[in-house]
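Coordinate analysis (summary)
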Amino acid sequence: MLDAIGYLVDNGIKWRAMPADFPPWDRVYAFFRRWRDRGLVREFHDRVRGQVRERAGHDALPTAGVIDSQSVKADAVVGAGTRGFDGGKLVNGRKRHVVVDTLGLLLGVMVTAADVGDRAAAHILLEQVAAAHHRLALVWADGGYTGSLIEHCLAAFALVLAIVKRSDNMKGFVVLPKRWIVERLFAHLMRSRRLARDFERRIASAEAVIYWSMAALMTRRLARPHRGRG
């Protein structure tokens, strides 16, 4: 079942196009839906993330992270109620708001219509992430998260939101400190054909597929031979 869902996410097939090597598509989908609705996809992802952090020499619980968003086109199956137009990116679809740790591992994701502002979504997402990760004390962000959000995070969650700005003197492409970490996660998501655009009718499914993709990536990391620091 796990391999079947991983195949679907990686290759971008329809549920009904599940190869004959796997169980029937409706059984695989029922398994995915049950895990999605009970929050088991995220629980599985979070357990693997803790193992990856410990193997890398870090504590399982993160203390710092990075927040950003990514707008992606939505497939025709996505209804008008959960899609919108991002005027800045010129994308008609949905937006993925994510928080990652300093290793680029996912701490939380919230999928919205593409016209939802970053700061509005961050109010909700950072509250969820802060509640799930009690040691989180610092989150880096770009200039789109300025304003009252900074004071709100400090007062409500004891969370420092540090803005990493691009200098006016910079020209062309420049790698900015900390912000590149979350961009690496977005690059990984776009390598999965199911995530190259949003094909999910339900927001919950769109978020679950992202967690599943990142869990698969971390599982592959754990399967590699471990080389100690010495």
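Our subject is the structure that appears above.
Residues numbered from 1 in each chain as written. Predicted model: local features only at pLDDT ≥ 70, side-chain atom pairs only at ≥ 80, totals over all residues. Heavy atoms only, no water.

**With respect to the overall build of the protein**
If you tally the helices and strands in the protein, you get seven helices and six strands. Mapped from its N terminus to its C terminus, the protein presents α and β elements in the order α-α-α-β-β-β-β-α-β-α-β-α-α. What you see for the protein is a C-alpha radius of gyration of 18 Å, in line with the 17 Å of a compact globule of 230 residues. Once the C-alpha set of the protein is aligned to its principal axes, its extents read approximately 55 × 50 × 35 Å. When burial is assessed residue by residue, the protein has 43% of its 230 residues classed as buried. (Helix = DSSP H or I, 4+ residues; strand = E, 2+ residues; numbered from the N terminus. Rg over C-alpha atoms; globule rule 2.2 N^0.38 Å. Buried < 20%, exposed > 50% of the residue type's maximum accessible area, 1.4 Å probe, protein only.)

**Regarding the pairing of strand β4 (residues 106–113)**
Most of β4 sits out of view: eight of its eight residues are buried. Connecting strand β3 (residues 91–101) to the next strand, β4, in antiparallel fashion are four residues, including glycine 104 with a positive phi near 85 degrees. (Pairing = 2+ DSSP bridges.)

**Here we look at helix α1 (residues 2–11)**
Since the α-helix turns once every 3.6 residues, residues separated by three or four places project in the same direction. Taken together, the buried positions of α1 are Ala4, Ile5, Leu8 and Val9. For α1, the buried positions fall inside an angular range of 130 degrees around the axis, keeping them on one side. The first or second residue beyond α1 is glycine 12, which carries a positive phi of 70 degrees. (Arc of directions from axis to C-beta.)

**What about the nonpolar core?**
Ranked by size, the top nonpolar core spans 35 residues in total, and within it Ile5, Val98, Leu106 and Leu185 carry the most contacts. Broken down by secondary-structure element, the contributors of at least two residues to this core are α1, α2 (25–37), β1 (64–73), β3, β4, α6 (179–191) and α7 (203–223). By residue number, the principal contributor to this core is α7, which donates eight residues. Valine 98 has contacts with Val66, Ile67, Asp68, Leu106, Gly108, Val109, Leu125, Val182, Leu185 and Phe186, leaving out every residue within four places of it along the chain. Listed in part, the 19 residues of the second largest apolar core include Ala122, Leu136, Cys153 and Leu161. (Core = buried A, V, L, I, M, F, W, Y, C linked by side-chain atoms within 4.5 Å. Contact = heavy atoms within 4.5 Å.)

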